[in-house]
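Examining the three-dimensional arrangement
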Amino acid sequence: MTPTVSHNIEVTVFDIFVTQAFFDGIDNAAIATQVMESHERLYEDPNGSLFEDTIFSPEPGTVGHNFLLILTQHFLNNGYRMVGHWSHIHRPLESSNTHDHCDHDMSFAYYVKVPKGSGDIVFEIQNLNSAMKPREGELLVFPGWLKHRVSKNMGNETRISIAGNLKRL
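This text gives an overview of the structure that appears in the document.

Rules behind the numbers
- Residues numbered from 1 in each chain as written.
- Predicted model: local features only at pLDDT ≥ 70, side-chain atom pairs only at ≥ 80, totals over all residues.
- Heavy atoms only, no water.
- Helix = DSSP H or I, 4+ residues; strand = E, 2+ residues; numbered from the N terminus.
- Buried < 20%, exposed > 50% of the residue type's maximum accessible area, 1.4 Å probe, protein only.
- Phe/Tyr/Trp six-rings, centres within 6.5 Å; stacked < 30°, edge-to-face > 60°.
- Salt bridge = Lys/Arg side-chain N within 4 Å of Asp/Glu carboxyl O.
- Axes fitted to C-alpha atoms, helices over the stretch in contact; angles between N-to-C directions.
- Parallel < 35°, antiparallel > 145°, perpendicular 65-115°, else oblique.
- Contact = heavy atoms within 4.5 Å.
- Nonpolar A, V, L, I, M, F, W, Y, C, P; charged D, E, K, R; others polar.
- Pairing = 2+ DSSP bridges.

Details of the environment of Val-114
By secondary structure assignment, the location of Val-114 is in the loop between strand E6 (106–113) and strand E7 (121–125). Distance from Val-114 to Asn-153, taken between C-alpha atoms, is 9.9 Å for residues 39 residues apart in sequence.

Topic: the environment of Met-36
For Met-36, the position within the fold is in helix H1 (residues 28–37). Classification of Met-36 as partly exposed rests on a relative accessible area of 29%. Separated by 124 residues in sequence, Met-36 and Ile-160 have C-alpha atoms that sit 8.7 Å apart.

Comments concerning the packing of aromatic side chains
This model, assessed by the stated rule, comprises five aromatic pairs. Summarising the aromatic geometry, the rings of Phe-23 and Phe-67 are spaced 6.1 Å apart at their centres and angled 80 degrees between planes, so their arrangement reads as edge-to-face. With a gap of 44 residues between them, Phe-23 in strand E2 (residues 16–24) and Phe-67 in helix H2 (residues 63–77) connect regions that are remote in the sequence. Phe-67 carries the same exposure label as Phe-23, and that label is buried. Taking relative accessible area as the criterion, Phe-67 reaches 2% and is therefore assigned buried. Feature note: the residues Phe-23, Phe-67 and Tyr-110 constitute an aromatic cluster, connected by ring pairs.

Things to note about the pattern of salt bridges
Under the criterion given, the structure shown has six salt bridges. Salt-bridge contacts for Glu-157 lead to Lys-113; the nearest nitrogen and oxygen are separated by 3.7 Å. Pair noted here: Glu-157 is in the loop between strand E10 (147–150) and strand E11 (159–168) and Lys-113 is in strand E6, with a separation of 44 residues, a long-range link. Judged by its relative accessible area of 43%, Glu-157 falls in the partly exposed class.

As for the packing of H1 against H2
Following both chains from N to C, one finds H1 and H2 inclined at 110 degrees, their axes separated by 8 Å at the closest point. The angle between H1 and H2 places the two elements in the roughly perpendicular class. Contacts from Ala-30, Ile-31 and Gln-34 of H1 reach H2 at Val-63, Gly-64 and Phe-67. When its residues are assigned to classes, the contact of H1 with H2 shows four nonpolar, two polar and no charged.

Some details on unusual backbone geometry
Not every positive phi belongs to a glycine, and Leu-93 is a case in point at roughly 75 degrees. With respect to the helices, strands and loops of the structure, Leu-93 is situated in the loop between strand E4 (80–90) and strand E5 (96–99). Positive phi, normally seen in glycine, also occurs at Gln-126, with a value near 50 degrees. Its relative accessible area of 77% is what places Gln-126 among the exposed residues.

Some points on the pairing of strand E9 (residues 138–143)
Where burial is concerned, most of E9 is hidden: six out of the six residues are buried. Across five bridges, E6 lies against E9 in antiparallel orientation. Counterpart to Tyr-110 in the pairing with E9 is Leu-139.

So, the sheet that holds E5
As summarised here, the arrangement of the four strands in space is E5-E10-E7-E8, forming an open sheet in which the pairing is antiparallel. Two strands close off the open sheet at either side, each with one partner strand: E5 and strand E8 (128–132). Along the sheet, successive strands turn relative to each other by an average axial angle of 20 degrees, direction set aside. Pairing analysis gives two bridges linking E5 to E10, with the strands arranged antiparallel. The residue of E10 that forms the bridge with His-99 is His-148.

Below is the structure:
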């Protein structure tokens, strides 16, 4: 079966549109396995907000590589090109500090594995927070300047997402 976007909606967070899409036909379990095979962190400092980021560069022809091609095409169809991606791994009790991707027009997170209690994505503007509980198979696209963090994984399993940045065509 060829993966497709089952539905695509916009969610308002602080009067800012966050695009939410769900993909059908994606083998998230196989992608999760590929993500966990990479042990090369992008940053080694455990105090930094990017410590959970690992290189995700799957071999051509694999499920992960094919998924990246699907994402690339999805973004092109919507007027953007992907300018970087990585996997984001949150083991139990891990979280991400508040950060943004202000050098990019848009950013995204695709949720590969979201066990119970594994944390929310929290968007922040000044002193206001808006939390969204991610779901497996969900793609969120949001402005790169929008500050966000990931709350602590209070579950017993690892949470996995693929994140990246986009530029307008």
